[in-house]
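In case you want the letters, here they are:
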Amino acid sequence: RNLSPPEVLEKETPELEGIFSASVYTDEKYLQLESQFLYFEKELRRTGVTRQLLWHEYKRRYPEGYGYSQFCFHFARWQKTSNASMHMEHEPGDKTFIDFAGKKLSYFDKETGEVVPVEVIITCLGYSQMIYVEGVRDQKKENFVAGCESALRFYNGASKALVPDNLKSAVTLASKYEPKINEMYREFANHYGMVVYPARSRKPQDKSLVEKSVSIVYNKIYAVLRNRTFYSLEELNQAIWDLLDKINNENFQGKPFSRRDLFEQEERHLLSPLRHDSFEIRESVRVTVMKNSHVLLGKDKHYYSVPFRHIGKRVKMVYGYRTVSIYTGGERIAFHKRDPRPYKYTTNPEHLPSTHRYVADWSPKKFLAWGAAIDKDVETYIQGVFDRHAYPEIAYRSCIGILALAKKKGEDRLINACRRGLHYQSFGYRVIDNIIKKGLDYEPWEEGAQHKLPLHENIRGSEYYN
């Protein structure tokens, strides 16, 4: 170009390089070197590999190639300007970054008819950027630790440090110089020989990798699942993990390798082996075995069965994220998978007296089917009994009493009594029992004005006062 000195002085350095050195980057010697840059970048991540070693290999292949200083200059320039470059600032096996996604997923609970929100924990290894994702019930320390435990099992190894954001589940007191780590999370890290190194507050560069991972998860998991309905947390997580495999197996943009390639080849062997025994948060309470051979875990409002010979005894209940164990005198007498659903029963039929084991099979569906086998109106009446109780278990005994009247008084009388109860929209065992005792099931009812007091289980009748 014909540039005057003032015009030259106005140009930026990269532009001047392009003007004065354009021919350098088009000749065959440079193109031979450039074809090796991706290989050089990948090899430099391996232990003991240096630029000088790579230059010697290059010179053996191309004896007429560049000297060492020009070799380093061109390679460094390519790393700075190439869109395909990826600066690795973390050592293999050094850090695992952890955060919760800002947006939640959800599943539909068929039993309660509610949409249950799900927190999503995301972890990312600093070097290979291998991602792990899992839905958990909430951000409390119990579920946070369980999610981190799952991540370590996914990587099949532990890095040197855990780098969580300043979550309350991990950091009790945030500090620029000496943050106070949650005791339970510190115990978890010690269990696997790791240290906790929280990201600094208002320092986004400390957690840029995991924030980038969150963005990837939004695009490649949230967006794909947005129109699907799930009916359990397990079903949701399985869908997440199926898509997660695609993310980790997909090549980096402009790179001939993926997160999994980098992880398997250069990082997995540098992670510390995991202990065989999983870390589990355990808490304990003293409870009394109820007359129905169950104990109540008050935290979840869920009932667990205990062998009937321990009815009335004080026992120790030890529970973690996944399991519930019940002890007496140092002996474990029951073991269950933990179920967080309130007002439900987890029952081992062998724990119940032989005469009561059939109770374990009680359900609204069972009683409705029993009523339907007698008559459609009996089924409808039983449904009305359930509709008037917040929890089905409360209605079971009432249903047993009503349906037993078919055998005691005859199916026809029970059917007529249920029809009369439906007509007056009065539900309960005492209602049906009173109708049959007074012989009202034989009498027709008027559709017009009501001249007598309505049927109701709390109306005793004149006989009560005789």
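Read on for a plain summary of the structure. (Residues numbered from 1 in each chain as written. Predicted model: local features only at pLDDT ≥ 70, side-chain atom pairs only at ≥ 80, totals over all residues. Heavy atoms only, no water.)

The backbone phi angle of N156 is positive, close to 60°, even though this residue is not glycine. Phi at Q425 takes a positive value of approximately 50°, unusual for a residue other than glycine. Here Q425 is to be found in the loop between α15 (411-423) and α16 (429-437). (Helix = DSSP H or I, 4+ residues; strand = E, 2+ residues; numbered from the N terminus.)

What follows covers the pattern of salt bridges. In the structure shown here, the tally under the stated rule is 15 salt bridges. Across the pair D433 and K437 runs a salt bridge, and its minimum N-O distance is 3.1 Å. With D433 and K437 both in helix α16, this residue pair falls 4 residues apart, about one helical turn. Among the residues examined, D433 registers a relative accessible area of 13% and is labelled buried. K437 gets classed as exposed once you look at its relative accessible area, which sits at 63%. One network of salt bridges, in which partners are shared, links E142, D300 and R338. (Salt bridge = Lys/Arg side-chain N within 4 Å of Asp/Glu carboxyl O. Buried < 20%, exposed > 50% of the residue type's maximum accessible area, 1.4 Å probe, protein only.)

Glancing now at the packing of aromatic side chains. Two aromatic rings, taken as a pair, are described by how far apart their centres are and by the angle between their planes. On inspection of all chains with the given rule, the structure shows 23 aromatic pairs. Taken together, a centroid distance of 5.5 Å and an interplanar angle of 65° make the contact between F154 and Y155 edge-to-face. A relative accessible area of 1% places Y155 in the buried class. Grouped by ring-pair contacts, the aromatic residues Y30, F37, Y39, F40, Y58, Y62, F71 and F75 constitute a single cluster. A cation sits over an aromatic face here: K29 above Y66, 4.6 Å from the ring centre. (Phe/Tyr/Trp six-rings, centres within 6.5 Å; stacked < 30°, edge-to-face > 60°. Lys NZ or Arg CZ within 6 Å of the ring centre and 35° of its normal.)

On to the sheet that holds strand β10 (residues 294-297). As summarised here, the arrangement of the 3 strands in space is β10-β11-β15, forming an open sheet in which the pairing is mixed. Since the sheet does not close on itself, it has two edges, and those belong to β10 and β15 (345-346), each with one partner. Pairing analysis gives 4 bridges linking β10 to strand β11 (residues 302-305), with the strands arranged antiparallel. Looking at the pairing, H294 lines up with S305 of β11. (Pairing = 2+ DSSP bridges.)

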